[in-house]
Amino acid sequence: MNQAADLTVDARGVATITLNRPEVHNAFDDLLITHLIDLIGQARDNPQVKVLVLASTGKSFSAGADLGWMRRMADASHADNIRDAQQLSALMESLNSFPHPTVARIQGTVMGGGVGLVACCDIAIASDNAFFALSEVKLGLAPAVISPYVIAKIGVSQARRYFVTAERFSAIRAAAIDLVHEVVLATELDAKTEQIVVALLANGPQAMRRAKELAQVANPLPCTPALRDYTTGVIADLRASDEGKEGLRAFLEKESPAWIAKR
């Protein structure tokens, strides 16, 4: 496997998309986002697929946005930032609306957009060594594009806390706020993921598809096209703002940003 992400489909109809950038903790940039959209589309169009597993190699599930990509977009035009954010939004929606059950297999670091990927999956199984953070505000940004999916998963109350604190929280805490469904020992992660997959394969494929539709239709916080336009506008504005540029500069230079009072 030598690509940034890989798709395999086994004889049972289980598709697995694996993020494969362990050297950068499976952070994603514009190229990986486009590639993931294509892989999800391939799995969607494959009539043999019954279940999709989202996994990753290395120590981390996904550290969110790649810093090199963020640096480029901080200097890009507002129009380019809108187009770029629309691609990230398309990735989240393609995973969220995938017609068959989706399972996230989670280990290690899960930051920013990585939390969005987890929120877009139907079932999330985390290793006990996983930790999570919606860390965007530390960089002068906001979890804009992923917000509809994260809020639908953890609720408004928890989002109001974690969106603004950017604090890290454990896998146990992630389960308590419904971001993940189960937490297991690292040595049991593969076995538990397989147990869930086997349970899904025992069910009627079309029945599961319609059951998933029921949950989506009944969702009190649907991600409408208007909401997606709003969230992409928010992140495009913040990326180009003085605060967003200062936050990224400070992070890259390992300094405190200007909004933190110097002592």
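The following refers to the structure shown. (Residues numbered from 1 in each chain as written. Predicted model: local features only at pLDDT ≥ 70, side-chain atom pairs only at ≥ 80, totals over all residues. Heavy atoms only, no water.)

We now examine the nonpolar core. Side chains that are nonpolar tend, in soluble globular proteins, to be buried together. In this structure, Ile106, Leu117, Phe132, Leu179 and Val180 are the most contacted members of the largest nonpolar core, which totals 60 residues. Excluding residues that lie within four positions of it along the chain, Phe132 makes contacts with Ile106, Val110, Ala126, Glu167, Arg168, Phe169, Ser170, Ala171, Ala174, Leu179 and Val180. Val51, Val53, Ile123 and Val184 belong to the second-largest nonpolar core, a separate cluster that totals 12 residues. (Core = buried A, V, L, I, M, F, W, Y, C linked by side-chain atoms within 4.5 Å. Buried < 20%, exposed > 50% of the residue type's maximum accessible area, 1.4 Å probe, protein only. Contact = heavy atoms within 4.5 Å.)

Strand order in the open sheet formed by three strands is β5-β7-β8, with mixed pairing between adjacent strands. Pairing within the sheet leaves two strands with one partner each, and these edge strands are β5 (109–111) and β8 (169–170). Here two bridges tie strand β7 (residues 131–133) to β8, and the two strands are oriented antiparallel to one another. The residue bridging Phe132 from the neighbouring strand is Phe169, located in β8. (Pairing = 2+ DSSP bridges. Helix = DSSP H or I, 4+ residues; strand = E, 2+ residues; numbered from the N terminus.)

What follows is about the layout of surface pockets. Taken as a whole, the largest pocket holds about 990 Å³ of empty space. Among the secondary structure elements, those contributing two or more residues to the lining of the largest pocket are α2 (67–74), β5, α5 (147–165), α9 (225–240) and α10 (242–252). Approximately 650 Å³ is the volume found for the second largest pocket. Taken together, 28 residues form the lining of the second largest pocket, with Asn96, Asp122, Lys212, Ala215 and Gln216 sitting closest to its centre. Those elements that provide at least two residues to the lining of the second largest pocket are α3 (78–96), α5 and α8 (205–217). (1 Å grid on protein atoms, 1.4 Å probe; cavity = no way out; pocket = protein on both sides within 12 Å on 5 of 7 lines; lining within 4 Å. Points joined across faces, edges and corners; volume = space filled by probe spheres on them.)

Bringing the sheet that holds strand β6 (residues 123–127) into the picture now. Across the sheet, six strands lie side by side as β1-β2-β3-β4-β6-β9; this open sheet has mixed pairing. The sheet is open, and its two borders are formed by β1 (5–9) and β9 (182–184), each paired with just one other strand. Neighbouring strand axes in the sheet, compared pairwise and without regard to direction, differ in orientation by 20° on average. Alignment of strand β4 (residues 102–106) against β6, held across four bridges, turns out to be parallel. (Axes fitted to C-alpha atoms, helices over the stretch in contact; angles between N-to-C directions.)

A few words on α2. Residues of α2 that are buried include every one of Trp69, Met70, Met73 and Ala74, and no others. One side of α2 holds all its buried residues, which, seen down the axis, span an arc of 135°. Among the structural elements, α1 (30–45), α3, α9 and α10 are those in contact with the buried residues of α2. Among the residues of α2, the N-terminal cap falls to Asp66, whose side-chain oxygen and the backbone nitrogen of Gly68 are separated by 2.9 Å. (Arc of directions from axis to C-beta. Polar contact = N/O pair within 3.5 Å; in protein donor to acceptor, adjacent residues only side chain to side chain.)

A word on empty space enclosed by the protein. To find the voids left in a structure, one rolls a probe of water-molecule size over its atoms. As enumerated under the stated definition, the model contains one cavity of 30 Å³ or more in all. When residues of the lining of the largest cavity are traced back to their parent elements, those giving at least two are α1 and α3. The residue inventory of the lining of the largest cavity, partitioned by class, reads seven nonpolar, no polar and no charged. (Nonpolar A, V, L, I, M, F, W, Y, C, P; charged D, E, K, R; others polar.)

Our next topic: the pattern of salt bridges. Enumeration over the complete set of coordinates arrives at 14 salt bridges. In this structure, Lys212 engages Asp122 in a salt bridge whose closest nitrogen and oxygen atoms are separated by 2.8 Å. With a gap of 90 residues between them, Lys212 in helix α8 and Asp122 in the loop between α4 (113–119) and β6 connect regions that are remote in the sequence. On the accessibility criterion, Asp122 (28% relative accessible area) is partly exposed. Glu255 is paired through a salt bridge with Arg249; the nearest N and O atoms lie 2.9 Å apart. For Glu255, a relative accessible area of 44% puts it in the partly exposed group. (Salt bridge = Lys/Arg side-chain N within 4 Å of Asp/Glu carboxyl O.)

Relative orientation of the contacting elements α2 and α10 amounts to 145°, with a least axis distance of 10 Å. Both α2 and α10 take part in a crossing whose hand is left-handed. Of α10, the residues touching α2 (which contributes Leu67, Met70, Arg71 and Ala74) are Lys245, Leu248, Phe251 and Leu252. (Left-handed = near helix turned anticlockwise from the far one by under 90°.)

On to the pairing of β4. Of all five residues in β4, five are buried; the element is thus mostly enclosed. Of the two faces of β4, the one lined by Thr102, Ala104 and Ile106 and the one lined by Val103 and Arg105 are each fully buried.

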